[in-house]
Amino acid sequence: MATIAEWIRREKPTLFVSDVSVEAATLARLMGTPVVVTAMRGNRHDEAHRLAYDLADALIAPWPTFLPEPGWPSHWRAKTVHTGSISRFDGRSRPPRISGRNRAGKEVVVMLGGGGTDLNATQLQEAAQAASPWTWTLLGGPGADWIEDPWPVLCGADVVVTHAGQNAIAECAAARVPAVVIPQERPHGEQHATARALERAGLATVRDTWPEPQEWPGLLARAAAHKSHWELWSPGDGAQKAARLLSRLALNPLERTACAPL
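Numbers given to residues run from 1 along each chain, matching the order in which its sequence is written. Residues qualify for local features only when their pLDDT is at least 70, as the model is predicted, and side-chain atom pairs are given and counted only at 80 or more; totals for whole chains, interfaces and linings, by contrast, use all residues. Only hydrogens and water are set aside when side-chain values are computed; all heavy atoms of the structure are taken into account.

### Comments concerning the sheet that holds strand β3 (residues 58-61)
Under the convention used in this document: DSSP bridges decide pairing: two strands pair if at least two such bridges lie between them. Secondary structure is summarised from DSSP: a helix means a run of H or I of at least four residues, a strand means a run of E of at least two, and numbering begins at the N terminus for each. Lines fitted to C-alpha atoms define the axes here, with helix axes fitted over just the stretch in contact, and angles between the N-to-C directions of these axes take values from 0 to 180 degrees.
Taken in spatial order, the four strands line up as β1-β2-β3-β4 in an open sheet, and their pairing is parallel. Whereas interior strands pair on both sides, the edge strands pair on one side only; in this sheet they are β1 (16-18) and β4 (80-82). Adjacent strand axes in the sheet meet at a mean angle of 20°, parallel and antiparallel pairs treated alike. Examined bridge by bridge, β3 and β4 share three bridges and lie parallel to one another. When the sheet's bridge partners are listed, Ala61 is paired in β4 with His82.

In structure tokens:
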């Protein structure tokens, strides 16, 4: 906090962006700096989140307008810019299928990332054995190697099995691959809220808990056959929309909507 405060004193920024940190957003606003907060799904009605969302001059919601988070007060909605998902892969061309892969069956990629999981290696092995016509590749999670660039692997998948973290969903959406989404337990029910939104829109096959081994063959077949309109979640210009908002607020103080100095 002292480092941030000293930076604000020295640089006198016209706008401060908080990537979900209530503490950083509040500190900046107490020092007279307008703030934009990146919003998260789930129950954000605790006192801390209400404070940050209330004092923000704008909220960036990296999901589409037609899937708002239920229960938000009107003054939050009024200052929210829905950008759609933001992925490092937005706009990147799809590579050709990875050569040498076994195409006798189909490809399933399990993307668990580095944010923690309640799965264990036994559950993954049992699922892969039960759906043996499929070739399984693990990205993150127990026993998996870290892959610096997962884009070719994602694009080569017939189905991606993943959690409902904001970034994981953004990567699947950018790759335009069918997905089985199984939310993990996170504070404020964030991943379950995202999974509900995806299910409402028919964008992914959603399961609340890890399926039993015998369920996997049918589940993967249904997911592969499902037409996912990922372009609704991921138009591909989310970062540009966010940048336009930040530039506008930084350059035009009178456009700020809440707690903004005049």
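### Thoughts on the environment of Gly84
Rules: Residue contacts follow a heavy-atom distance rule, with two residues in contact if any of their heavy atoms lie within 4.5 Å.
Mapped onto the secondary structure, Gly84 falls in the loop between β4 and β5 (106-113). For the pair Gly84 and Ala170, spaced 86 residues apart in sequence, the C-alpha to C-alpha distance is 8.9 Å. In contact with Gly84, other than residues within four places in its own chain, are Ala61, Pro62, Trp63, Pro64, Trp233, Pro235 and Gly238.

### As for the packing of aromatic side chains
The line we're drawing: Two rings from Phe, Tyr or Trp (for Trp, the six-membered ring) form a pair when their centres are within 6.5 Å of each other. A pair whose planes differ by under 30 degrees is stacked, one over 60 is edge-to-face, and the rest are tilted. Only protein chains enter the accessibility calculation, which uses a 1.4 Å probe; a residue whose area is less than 20% of its type maximum is buried, one above 50% is exposed, and one in between is partly exposed.
Going through the model one piece at a time under the given rule, you end up with seven aromatic pairs. Here Trp136 and Trp216 contribute two aromatic rings whose centre-to-centre distance is 5.6 Å and whose plane-to-plane angle is 75°, an arrangement assigned as edge-to-face. One end of the pair, Trp136, is in strand β6 (residues 134-140); the other, Trp216, is in helix α9 (residues 216-225), and 80 residues separate them in sequence. Its relative accessible area of 16% is what places Trp136 among the buried residues.

### Some remarks on the sheet that holds β6
Pairing within the open sheet is parallel, and its five strands lie in the order β6-β5-β7-β8-β9. Sheet topology places β6 and β9 (205-206) at the edges, where each strand pairs with a single neighbour. Across three bridges, the pairing between strand β7 (residues 159-162) and strand β8 (residues 179-181) is parallel. For Val160, the partnering residue across the bridge sits in β8 and is Ala179. Where helix α7 (residues 166-175) meets the sheet, its contacts fall on β5, β7 and β8, and the angle it forms with β7 comes to roughly 175°.

### Thoughts on the nonpolar core
Test applied: Buried residues of nine kinds, namely Ala, Val, Leu, Ile, Met, Phe, Trp, Tyr and Cys, make up a nonpolar core once their side-chain atoms join them within 4.5 Å.
Ranked by internal contacts, the top residues of the largest apolar core, which has 48 residues, are Tyr53, Leu154, Val160, Val181, Leu198, Trp230 and Trp233. If one sorts the elements of this core by residue count, α7 sits on top with six residues. One finds Trp136, Val159, Ile182 and Trp210 within the second-largest nonpolar core, a separate group that totals 18 residues.

Any functional reading would require information beyond the geometric quantities listed.
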